[in-house]
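These are the residues of each chain, in order.
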Amino acid sequence: MSPKTLYDKIWDAHLAHEAEDGTCLLYIDRHLVHEVTSPQAFEGLRMAGRKVHAPDKTIAVPDHNVPTTEGRDDPSQMTEDSRIQVAALDKNAKDFGVHYYPVSDVRQGIVHIVGPEQGWTLPGMTVVCGDSHTATHGAFGALAHGIGTSEVEHVLATQTLIQKKSKNMKVEITGKLAPGVTAKDITLAVIGKTGTAGGTGHVIEYCGEAIQSLSMEGRMTVCNMAIEGGARAGLIAPDETTFEYVKGRPHAPKGAQWEAAMDWWKTLYTDEGAHFDKVVTIRGEDIAPVVTWGTSPEDVLPITEVVPDPSSFTGGKVEAAKRSIEYMGLTPGQKLSDIAIDTVFIGSCTNGRIEDLRAAAAIVKGKKIKEGMRAMVVPGSGLVRAQAEEEGLADIFKDAGFEWRLAGCSMCLAMNPDQLSEGERCASTSNRNFEGRQGYKGRTHLVSPGMAAAAAITGKLTDVREMM
Amino acid sequence: MEKFDKLTGIAAPMPLVNIDTDMIIPKVFLKTIKREGLGVNLFDEMRYDRQGNEIEDFVLNKPAYRDAQIIVAGDNFGCGSSREHAPWALLDFGIRCVISTSFADIFYNNCFKNGILPIVLPQEDVDKLMDDAERGANAVVTVDLEAQEITGPDGGKVTFDIDPFRKHCLLNGLDDIGLTLEKSASIEAFEEKAAQARPWV
Ligand code: SF4
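Predicted model only: the values in this text are computed from it and were never measured. (Residues numbered from 1 in each chain as written. Chains lettered and ligands numbered in written order. Predicted model: local features only at pLDDT ≥ 70, side-chain atom pairs only at ≥ 80, totals over all residues. Heavy atoms only, no water.)

### A look at the interface of chain B and chain A
Formally: In what follows, a contact means two residues having at least one pair of non-hydrogen atoms within 4.5 Å. In this description, buried area is defined as the sum, over both parts, of the accessible area (probe of 1.4 Å) that is lost when the two are combined. The term salt bridge refers to a side-chain nitrogen of Lys or Arg lying within 4 Å of a carboxyl oxygen of Asp or Glu. Under this definition, polar contacts are N or O atom pairs within 3.5 Å; protein pairs additionally need one hydrogen-donor-capable and one acceptor-capable atom, and for neighbouring residues in sequence, both atoms have to be side-chain atoms. Helix and strand labels come from DSSP, where a helix needs a run of H or I of at least four residues and a strand needs a run of E of at least two; each type is numbered from the N terminus. Note on residue categories: nonpolar means Ala, Val, Leu, Ile, Met, Phe, Trp, Tyr, Cys or Pro, charged means Asp, Glu, Lys or Arg, and polar means any other residue, Gly included.
Each partner contributes to the interface: chain B provides 50 residues, whereas chain A provides 72 residues. Taken together, the two surfaces of chain B and chain A that pack against each other cover about 5,200 Å², and 58% of this comes from carbon and sulfur. Among the residues of chain B in contact with chain A, K27, K31 and W200 of chain B are the three that bury the most area, contributing 16% of the side total. Residues R437 of chain A and D22 of chain B are paired through a salt bridge, measuring 3.7 Å at the closest nitrogen-oxygen approach. One can count 27 residue pairs in polar contact (both at pLDDT 80 or more) joining chain B with chain A. Within the residue set of the side of chain B that touches chain A, elements represented by two or more residues are α1 (21-24), α2 (44-47), α3 (85-93), α4 (105-112), α7 (176-181) and α8 (184-197) of chain B. Counting residues per element, the side of chain B that touches chain A draws most heavily on α7 of chain B, which supplies five residues. Grouping the amino acids of the side of chain B that touches chain A by side-chain chemistry returns 18 nonpolar, 13 polar and 19 charged.

### Structural notes on the site of the ligand
All names here are of chain A. The cut-off we apply is this: When we say a residue is near a molecule or strand, we mean one of its heavy atoms is within 4 Å of it. Source of the domain bounds: an automatic or database domain assignment.
The immediate surroundings of the ligand are formed by H64, I110, H112, D131, H133, S348, C349, C409, C412, L413, N431 and R437. Across the shell around the ligand, the residue classes break down as five nonpolar, five polar and two charged. In this structure, the shell around the ligand is formed jointly by two domains, domain 1 (12-163) and domain 3 (290-467), each of which donates at least three residues.

### Considering the packing of helix α2 (residues 39-48) of chain A against helix α3 (residues 80-96) of chain A
Residues and elements named next belong to chain A. Basically, it comes down to this: In this description, a line fitted to the C-alpha atoms serves as the axis of each element, helices being fitted only across the stretch in contact, and the angle between N-to-C directions of two axes falls anywhere from 0 to 180 degrees. Roughly parallel refers to an angle under 35 degrees, roughly antiparallel to one over 145, roughly perpendicular to one between 65 and 115, and oblique to any angle outside these ranges. When the near helix sits turned anticlockwise from the far one by under a right angle, the crossing is termed left-handed; a clockwise turn instead gives a right-handed crossing.
Running from amino to carboxyl end, α2 crosses α3 at an angle of 40°, the nearest separation of the two axes being 10 Å. As far as their axial angle goes, α3 and α2 are oblique. Crossing of α2 against α3: the hand is left-handed. Contacts between α2 and α3 pair P39, F42, L45 and R46 from the former with K91, N92, D95 and F96 from the latter. Class assignment of the residues belonging to the contact of α2 with α3 gives a composition of four nonpolar, one polar and three charged.

### Remarks on unusual backbone geometry
Residues and elements named next belong to chain A. Here is the rule we go by: Between buried and exposed lies partly exposed: a residue is buried under 20% and exposed over 50% of the maximum accessible area for its type, with that area taken using a 1.4 Å probe on protein chains only.
Despite not being glycine, S410 has its phi angle at roughly 50°, a positive value. Relative to the assigned elements, S410 resides in the loop between β17 (403-404) and β18 (425-428). Overall, S410 belongs to the buried group, its relative accessible area being 0%. The phi angle at A414 is positive, at roughly 55°, despite the residue not being glycine.

### Some thoughts on the sheet that holds strand β7 (residues 143-146) of chain A
Residues and elements named next belong to chain A. As a reminder of what qualifies: The pairing criterion for strands is at least two bridges between them, as found by DSSP.
If you trace the five strands from one edge of the open sheet to the other, you get β5-β4-β3-β6-β7, paired in parallel fashion. The sheet is open, and its two borders are formed by β5 (99-100) and β7, each paired with just one other strand. As paired strands, strand β3 (residues 30-33) and strand β4 (residues 58-60) are joined by three bridges and run parallel to one another. For H31, the partnering residue across the bridge sits in β4 and is T58.

### What to know about helix α5 (residues 123-134) of chain B
Residue and element names in this part refer to chain B. What counts, and what does not: Expected span of a helix, by definition, is 1.5 Å for each gap between consecutive residues, and there is one gap fewer than residues. This arc describes the spread of directions from the helix axis toward the C-beta atoms.
Here α5 spans 16 Å end to end across twelve residues, near enough to the 16 Å set by a 1.5 Å rise per residue. Inspection of α5 places V126, L129, M130, D132 and A133 among the buried residues, and these make up the whole buried set. The buried side chains of α5 occupy one side of the element, clustering within an arc of 160° when seen end-on. Within α5, the exposed residues directed more than 90 degrees away from the buried face are E124 and D131. Contacts from the buried residues of α5 go to β1 (6-14), β2 (70-73), β3 (97-100) and β6 (149-151). One or two residues past the end of α5 sits G136, with phi positive at roughly 70°.

This is a description of form; function is not addressed.
Structure (C-alpha cells):
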C-alpha cells in the first residue's frame, strides 16, 4: 500500500460514495450547530418534510448572539432579531431532537470549545459546523471544517457532505519556542508567511517538535486559524497528549470501546514517505510574539517591528495595505509598541480556554489595568469560567479592573452588545481583524492572551517578554 | 435553485484583493432567519455612510453599475467566514457571476448552492476583464456556462474551467440534497459498516 497522510486516512475511512467523476460523499460523524447559520437550514428541512438523519450526532448550542453579561436570561438584553434567532434554535433543537446546550446550561459556550470539552470531538472523526473556525477540532486529528448553510441542511438531511478531496500541505514548526511565544504566535506567523490564500485548496497538517510540545489548548489555537491561512482544515496527529485530554470526557468512549478506539487512533499519523503537495517549514526559535497591524490576518509582524510602508508590497497588496493602514489610523514607520490601545478583549474560540486565561492572569496578577482602559475576559464556556473561578483567576482579573463575563463569542464578531465604537482600538485574542469585525470602524490588533494582558496594563501594544 | 446557463450583463470592477465576507455582508445583517432581502445591505459598510446615505464613489452606487450582474474582483474573493449570507446578498442584489484569480474555499462552494457562478481565471484574463468592466454600462459581458466561455464587449473570448458535476447542477438548477438522497442505500451501507468498525462514534 502506498504511504498515506493523516488526511488521506481519515478521508478514506469516511468515504460513503464516490461517483465516476470523482465527486464524493463524505460521511459526517459530528455536526455542530449554532443559531446564526442554521435557521434557514432547518426551515429548508421543514419545507421539504425531511427529518434530521442522525440527531444523536448533531449538537446545537447558541453562542454568536448571546449577551455575556449577568442576567442574560432576561430577554430585554437582546435585540429583537437576536432573540428570534436564539428562540429559533431552541425550537429547532427540540423539534428535531438534537443534543442541545441552552444558555441556562453551565456547559453552554462557544461551539468549538463545547465540542472538545464534552468529548464530542474525537480523533479520526469528521466534524462540520456552519462556522469557518470548525478547523479548531483538527487539533484532535479530526477532519473538521466549516460549511455554508446549504451544506448544513445537506448534512442535517443526509449526514454526508458532497466533497472533492483537497490537497495535502505540511506545515512543520521545528525546535522549541522561545519564552513568551505561544500557539497564537505560531499560527499568526504561519499566516504571515503563507498569506491568507496560502492554504487554499489544501488541508494542512501541522507537525514538528514545537507543535508536539503544545497542550491540546495550544493545538486548538493553531488549528483554529488554519482557515485564516485559506486552508480547508488543519490537522495535528493525535498522541498521548490528545488521548489524555479526551479520556473521561462525558461523550468519550469508555471501557472496551475505549480500547478499541485507541487501537484505531494510534494508527492515525502520516506514513513515512507520504506525499505532500506543499511544505512550509518554520524554525520555532525564529518566531517572536507577533501582532497584526492591518485588516487581514496576514498583516502580521513581530512586536519589535514598525508599521510597514505600503510601497514595500507588490501587486494588489499595495492598495490593500494603504487602505488597511488608513483604516487602522497608523503611520508607516511607527513602532508597533507605540500604538495606544483603548480596549482589550480576551476570549473567543481561538483563545478562550483555561490555559489562555491562565497565561493572561499570570501577566495581570497584582497589577491594575491602565486608567480609562476597557478590558474584558469572556471565557469560552461556562465550564471554563467555573474552573477559572475555582483557580482564583477570575479574582485576579476582577481586581485588576477587567470585566468578568459569561461565555459566548462576544466581541470576537460583535453580534451581541459587545462592540467597538468608531475608531476604538482593541488588542484582541480573537482571529479576525477585518474591517468592522469588532464593531463599525473598530480597529483590531490580533495578539496572544499574554500580549493582550500586557496591553491592558500598559495601555499600548507591548512585548509580553518585558513583563515576564 | 435558479438555473444558470447564459448571462449577459454589466460587469462591475472591484480590484481590491482579499474582499472578505464581512465586507460583502457585515454581521449585523446575519440576524435574519430568511435567505431573501439581503441585497440592499450588500457591501453595506463600503456602500453607505453611517447615516445610511450612499457613498458616491463606491462602484455599485455609480449609475453605470447599479444593475451589474457580474463582479470582476481582486485575488482571494470571499475569504473569511462561512456565512452563506454572502452569496445570498450577492444574489439578492442581482449578481449571478463573480470572476477572480482565486476564491476562498467555502465561499466558492456556497456560490454553487445558490446559482451563482464563480469563475477562476489567470491574472492576465482577469486584468483584461477588469479593463472591460471599467468602461461601465457600455461594457456588456456574456458568460456562457455550456460553452465555458466569456465574451467581452469587443467580442474577445476567454474560456474557463469548471468542475463537470458543478456545471451540470448549475445548468439544470439541481438541488444537492435530492441528488444525495438518491444514494441513500450507499449511505446506509456505510453506516452499518462504520457502526461495526467504530462503534464509539
Ligand atoms: S468565537 Fe469568534 S470565531 Fe469563534 S465561533 Fe465565535 S464568532 Fe466564530
